[in-house]
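Survey of secondary and tertiary structure
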Amino acid sequence: MAPAAITLAAAAPKLSAANTGFMLICSALVLLMTPGLAFFYGGMVRVKSTLNMLMMSFISIGIVTLLWVLYGFSLAFGTDKGSLIGWTSGWVGLSDIGTTDIWDGYNIPVLAFMVFQMMFAIITPALISGALADRVKFSAWALFVALWATVVYFPVAHWVWGAGGWAFDLGVIDFAGGTAVHINAGAAALGVILVIGKRVGFKKDPMRPHSLPLVMLGSGLLWFGWFGFNAGSWLGNDDGVGTLMFVNTQVATAAAMIAWLIYEKIRHGAFTTLGAASGAVAGLVAITPSGGAVSPLGAIAVGAIAGVLCAMAVGLKYKFGYDDSLDVVGVHMVGGVIGSLLIGFFASGKGQSEVKGLFYGGGLDQFWKQCAGVFAVLFYSLVVSAILAFLLDKTIGMRVPEDDEIAGIDQAEHAETAYDFSGAGGGAARTSVPAGVGGASKKVDA
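I will try to describe carefully the structure that is included in this document. Bear in mind that the values here come from a model prediction, so they are computed numbers and not experimental data.

1. Quick look at the overall build of the protein
In terms of helices and strands, the protein carries 15 helices and four strands. Dimensions of the protein along its principal axes, counting C-alpha atoms only, are 105 × 50 × 40 Å. Among the 446 residues that make up the protein, the fraction classed as buried is 56%. Sequence-distant contacts in the protein: of pairs separated by 6 or more residues, those separated by 24 or more amount to 74%. Within the structure as shown, the protein displays about 18000 Å² of accessible surface, and the carbon and sulfur contribution to it stands at 67%. Of the charged side chains in the protein, 23 are positive and 26 negative; the average position of the first set lies 10 Å away from that of the second.

What follows is the structure, encoded as structure tokens:
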């Protein structure tokens, strides 16, 4: 008599308190990046636009949080529909997700994964804001964020990271957001500024950063938060890949900062604080897609290449005449492209997967996959973002009136100013603003 067939049920994955705690900490670190971005951008604009720049980042936290809970998480990570979008009706409003439901293939709760990815969705549209400084209505920006997150970010996140997404299935490597976050935001920035046009006085008036200490503070907060952004994207700490990503994040960022400063010294004759901050961000951007696939030596190469090429790219706006106020295109789009494509050369086969790049004997197969992901996201985001900006501009209007832009968007849009200079003169009725603060020296009412 043949023995009865025995079916053994696979053991249900057990929730890991350590990995869950790690993911919640990483989520908080990624959230910190958005205020860090606000300070970074806020210090780079003229004094009359400081608060508006801060608010353009902060409003993304409010809008995208609600959209992500209502339907964004379902669109990005729900059951695949045609390799282009996801949808799980039970995830709408998080209504059918239990506190102990485990994310498939891991040992963390679905809600922990959801909130971690929420922070990515928040910062991505906020990145776009730097290109639009000084000239966009706050109400139009808020509506743009809601629309852009819905029709651009949520679908692209599904392409790249969602089970069944076409880029995911093709084998495009994007550890933490080179395509979905940085190329996506940088291409969107380019699309919008081509529609709304240049700032009043572009290439004529001085538009220097009003507070380099704020820029350095912001870049430091970004650097700190980025460890959660990158290392947390492995969704746990069980096999050391997240640790490799942590190490490579530090290594590439340092290399990019040094490379940018060397280029700047040779090209312009000085090592600037703005260059140090911008170089660090360029390195962080470039290592984001590639850090789980390359060795630390490879991370140095990725960072150094990104530092030099991004430093070169920020000057293209003057050559081609597009007004990318705070170099979102030159740093985020270009840095994201560089970091994503270099995987095809520097992937070691000893990190997140066995995929090897050209320099490790893997040929160009992965490079072509990276090209497919990079240019599909770039083209889609640029075109759709330009269409959204065009529709908003023709309906509610995207730009503030020229007089408001000249006088200062902070006062026009928020009825506030970043700094109260009335007390600087010991109670005098009028006080001078030093040259370099918002442009040339001028008198202001107390």
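2. A closer look at the packing of aromatic side chains
Per the stated rule, a full pass over the model turns up 28 aromatic pairs. Where phenylalanine 73 meets phenylalanine 77, the ring centres are 6.0 Å apart and the plane angle is 40 degrees; that geometry is what we call tilted. Here the residue phenylalanine 73 and the residue phenylalanine 77 both occupy positions in helix 2 (residues 50-77), the gap between them amounting to four residues, near one helical turn. Taking the relative accessible area as the measure of exposure, phenylalanine 73 reaches 0% and is therefore buried. Judged by relative accessible area, phenylalanine 77 falls into the buried class, the value being 8%. Between tryptophan 91 and tryptophan 103, the aromatic rings sit 6.0 Å apart at their centres with planes inclined by 40 degrees, giving tilted as the arrangement. Of this pair, tryptophan 91 sits in the loop between strand 2 (85-86) and helix 3 (110-128) while tryptophan 103 sits in the loop between strand 2 and helix 3; the two residues are 12 residues apart in sequence, bridging distant segments of the chain. Tryptophan 103 gets classed as buried once you look at its relative accessible area, which sits at 14%. Linked through ring pairs, Trp68, Tyr71, Phe73, Phe77, Trp91, Trp103, Phe113, Tyr153 and Phe154 together constitute an aromatic cluster.

3. Notes on the environment of tryptophan 91
Classification of tryptophan 91 as buried rests on a relative accessible area of 16%. Once residues lying within four places of it in the same chain are set aside, the contact partners of tryptophan 91 are Val69, Phe73, Ser74, Phe77, Gly78, Ile97 and Trp103.

4. Thoughts on the nonpolar core
Proteins that are soluble and globular tend to have nonpolar side chains buried together. Counting residues in each nonpolar core, the largest one holds 122 residues, and the members touching the most others are Trp68, Phe73, Leu132 and Tyr153. Ranked by residue count, the leading element in this core is helix 4 (residues 138-161), at 17 residues. Sequence-distant contacts of leucine 132, that is, excluding residues within four places in its chain, are made with Met56, Trp141, Val192, Ile193, Ile196 and Ser325.

5. Topic: the state of the cysteines
Per the counting criterion, the structure on display carries zero disulfides. Lacking any disulfide linkage, cysteine 310 is separated from the closest cysteine sulfur, that of cysteine 371, by 17 Å.

6. Quick look at the packing of helix 1 (residues 17-44) against helix 2
Packing of helix 1 against helix 2 brings their axes to within 8 Å, and their N-to-C directions diverge by 160 degrees. Here helix 1 lies roughly antiparallel to helix 2, going by the angle between them. The handedness of the crossing between helix 1 and helix 2 is right-handed. Two secondary-structure elements touch here, helix 1 through Leu31, Thr34, Pro35, Leu37, Ala38, Phe39, Tyr41 and Gly42 and helix 2 through Thr50, Met53, Leu54, Ser57, Phe58 and Ile61. Split into classes, the residues belonging to the contact of helix 1 with helix 2 amount to 10 nonpolar, four polar and no charged.

Basis of the calculations
Residues numbered from 1 in each chain as written. Predicted model: local features only at pLDDT ≥ 70, side-chain atom pairs only at ≥ 80, totals over all residues. Heavy atoms only, no water. Helix = DSSP H or I, 4+ residues; strand = E, 2+ residues; numbered from the N terminus. Buried < 20%, exposed > 50% of the residue type's maximum accessible area, 1.4 Å probe, protein only. Contact = heavy atoms within 4.5 Å. Areas by Shrake-Rupley, 256 points an atom, 1.4 Å probe, with all protein chains shown as cover. Lys, Arg positive; Asp, Glu negative; His and termini not counted. Charge placed at Lys NZ, Arg CZ, Asp CG, Glu CD. Phe/Tyr/Trp six-rings, centres within 6.5 Å; stacked < 30°, edge-to-face > 60°. Core = buried A, V, L, I, M, F, W, Y, C linked by side-chain atoms within 4.5 Å. Disulfide = S-S within 2.5 Å. Axes fitted to C-alpha atoms, helices over the stretch in contact; angles between N-to-C directions. Parallel < 35°, antiparallel > 145°, perpendicular 65-115°, else oblique. Left-handed = near helix turned anticlockwise from the far one by under 90°. Nonpolar A, V, L, I, M, F, W, Y, C, P; charged D, E, K, R; others polar.

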